[in-house]
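# Structural characterization, general
Chain by chain, the residues:
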Amino acid sequence: MNLVPDPIHAIARASGWTCLIALVAGCATGPARAAPSEERRSAPPSESAARPPAQAAPSASPAAPPPAPEAPVERLGWVNPARCLTSCTYAPSTSLVRIDNQGVADDAGAHQVDRSIQEPLRVLIAAAREAGHSVRIESAFRSYADQARLYRGTKQAGRAARPGHSEHQLGTAVDLRLPTSAAIEWLSEHAAAHGFALSYPEGKQRITGYRPEPWHLRYVGTTLAGALHQSGRTLEELFRERPDRGESGNCEDCPLSISRRRCGAVTTAGKCTGTVLSWCYDGALATVDCAASQQRCGQKPDADAYDCLAP
Ligand SMILES: [Zn+2]
């Protein structure tokens, strides 16, 4: 099981969703290709052997290099209200490292993250502080049991993911304390350059299943984070386009019943109960309080589905 993304250090030069798909498929060509020293592509011998010589493009000159083979697809943990981790109680226990609230490795630190993201996180926070924003880590790795406690203790609808469904359980997601709106803006502009994607941006509740959380970041490497940022898409949208890029479980192995919630009478179009939007999200009940993002719950003209709308 490879739930932790390998860091990808190539600089993202792609723009637009098409390029994003090409990038993550490992089939980027021309300027979007990674530097040779960081190449991770190598065709398995069987693949090379299976390719008959006649497959060379007729227009290619004799001196042209053979086309780059596709890299094996790297799969990332895909969680949302309907999808759990491949093992519901998964914990990256052997790769967790303790850090302080600035991301500096510290055996007495209050937080834990996957070792692979400690340095990018420390550098991101240092860059934010250098820019005048005193951000710090509010929450990082949370175990299944931690998430269950948080879920049970949270009153606001849809504020916490059900245990087994949280990116925090991967060890590669963090919540930052952002003291000002300027800090929020800075983070949304600069997180990608450090390899972090914003999982829950504004206006995407119906896609992500959660309220906007400008403080919630997930490390996916600079190439993918850059491509997501440029295209304005979320990781969830990538997974929907490319299900082979994500991996998740079906929640049946979750020890607690609160990890599963069926839709009952709630339809895909959903309903409003005051400011609270609930709808059937791929077979699981999703709930978001639109008031958390200063919005109201309602129906757009000519739209069937309910959504969080401008007040
Ligand atoms: Zn979070």
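Residues numbered from 1 in each chain as written. Predicted model: local features only at pLDDT ≥ 70, side-chain atom pairs only at ≥ 80, totals over all residues.

## What about the overall build of the protein chain?
For the protein chain, the helix and strand inventory stands at eight helices and 13 strands. Taken across its 311 residues, the protein chain has 39% of its residues classed as buried. When contacts within the protein chain are restricted to residue pairs at least 6 apart in sequence, those whose partners lie at least 24 apart make up 65%. (Helix = DSSP H or I, 4+ residues; strand = E, 2+ residues; numbered from the N terminus. Buried ≥ 20, exposed ≤ 12 C-beta atoms within 10 Å, placed from the backbone. Contact = placed C-beta atoms within 7 Å.)

## Quick notes on the sheet that holds strand E9 (residues 271–273)
Taken together, three strands build an open sheet; the order of strands is E9-E10-E11 and the sheet is antiparallel. In this open sheet, the two strands that pair with only one neighbour each are E9 and strand E11 (284–289). Across this sheet, the average inter-strand angle for adjacent strands is 25°, counted without regard to direction. Relative to strand E10 (residues 276–281), E9 is paired through three bridges, and the arrangement is antiparallel. When the sheet's bridge partners are listed, Cys-272 is paired in E10 with Leu-277. (Pairing = 2+ DSSP bridges. Axes fitted to C-alpha atoms, helices over the stretch in contact; angles between N-to-C directions.)

## A word on helix H4 (residues 144–153)
For H4, the set of buried residues is Tyr-144, Gln-147 and Ala-148. One side of H4 holds all its buried residues, which, seen down the axis, span an arc of 105°. (Arc of directions from axis to C-beta.)

## Observations regarding the nonpolar core
Counting 57 residues, the largest nonpolar core has Val-174, Ala-191, Phe-196, Ala-197, Leu-217, Ala-225 and Leu-228 as the members making the most contacts within it. At five residues, helix H3 (residues 115–130) tops the list of elements feeding residues into this core. Two domains each provide a minimum of three residues to this core, namely domain 1 (76–257) and domain 2 (261–309). Those residues within four positions of Ala-225 in sequence are excluded, and the remaining contacts are Ala-191, Ala-192, Gly-195, Phe-196, Ala-197 and Val-220. (Core = buried A, V, L, I, M, F, W, Y, C linked by C-beta atoms within 7 Å. Domains from an automatic or database assignment.)

## Brief notes about the pairing of strand E6 (residues 196–200)
Taking burial as the measure, the five residues of E6 include five buried ones, the bulk of the element. Where E6 and strand E7 (residues 213–219) come together, four bridges link them in antiparallel fashion. Across the sheet, the residue bridging to Ala-197 is Arg-218, located in E7.

## As for the sheet that holds E6
In spatial order, the strands read E4-E5-E7-E6; together these four strands make up an open sheet with antiparallel pairing. Two strands bound the open sheet, and with one partner strand each, they are strand E4 (136–139) and E6. With strand direction ignored, the average angle separating the axes of adjacent strands in the sheet is 50°. As judged from the three bridges shared by strand E5 (residues 173–177) and E7, these two strands associate in the antiparallel manner. Bridge pairing in E7 places Asp-175 opposite His-216.

## So, the environment of Gly-249
Within the secondary structure layout, Gly-249 lies in the loop between strand E8 (246–247) and E9. For Gly-249, a count of 20 C-beta atoms within 10 Å puts it in the buried group. In this structure the C-alpha to C-alpha distance between Gly-249 and Leu-85, which are 164 residues apart in sequence, comes to 5.1 Å. The residues touching Gly-249, leaving out its near neighbours within four places in the chain, are Cys-84, Leu-85, Thr-86, Ser-87 and Cys-88.

## Overview of unusual backbone geometry
Despite not being glycine, Asp-282 shows a phi value in the positive range, around 50°. Judged by local crowding, Asp-282 falls into the partly exposed class, with 13 C-beta atoms found within 10 Å. Of note in this structure, Asp-302 is not a glycine but carries a positive phi near 65°.

## What to know about the confidence of the model for the protein chain
Residues of the protein chain with pLDDT of at least 70 account for 77%, and the chain-wide mean is 83. Counted against residues more than four places away or in other chains, residues 1–61, with its pLDDT under 50, gives 88 contacts. (pLDDT = per-residue confidence, 0-100.)

## Focus: the environment of Thr-208
Its location among the elements puts Thr-208 in helix H6 (residues 205–208). Under the C-beta neighbour-count criterion, Thr-208 is labelled buried, with 21 such atoms within 10 Å. Spatially, the C-alpha atom of Thr-208 lies 9.5 Å from that of Val-79, the residues being 129 residues apart in sequence. Contacts of Thr-208, omitting those with residues within four sequence positions, involve Asn-80, Ser-199, Tyr-200, Thr-234 and Glu-236.

## What about H3?
The terminal C-alpha atoms of H3, which comprises 16 residues, lie 24 Å apart, in line with the 22 Å expected from a rise of 1.5 Å per residue. Within H3, burial applies to Ser-116, Ile-117, Gln-118, Pro-120, Leu-121, Leu-124, Ile-125 and Ala-128. Looking at the buried side of H3, the elements it contacts are strand E2 (96–99), strand E3 (111–114), E5, helix H5 (181–190), E6 and E7. Positive phi shows up at Gly-132, right after H3, with a value of about 95°. (Expected span 1.5 Å × (residues − 1).)

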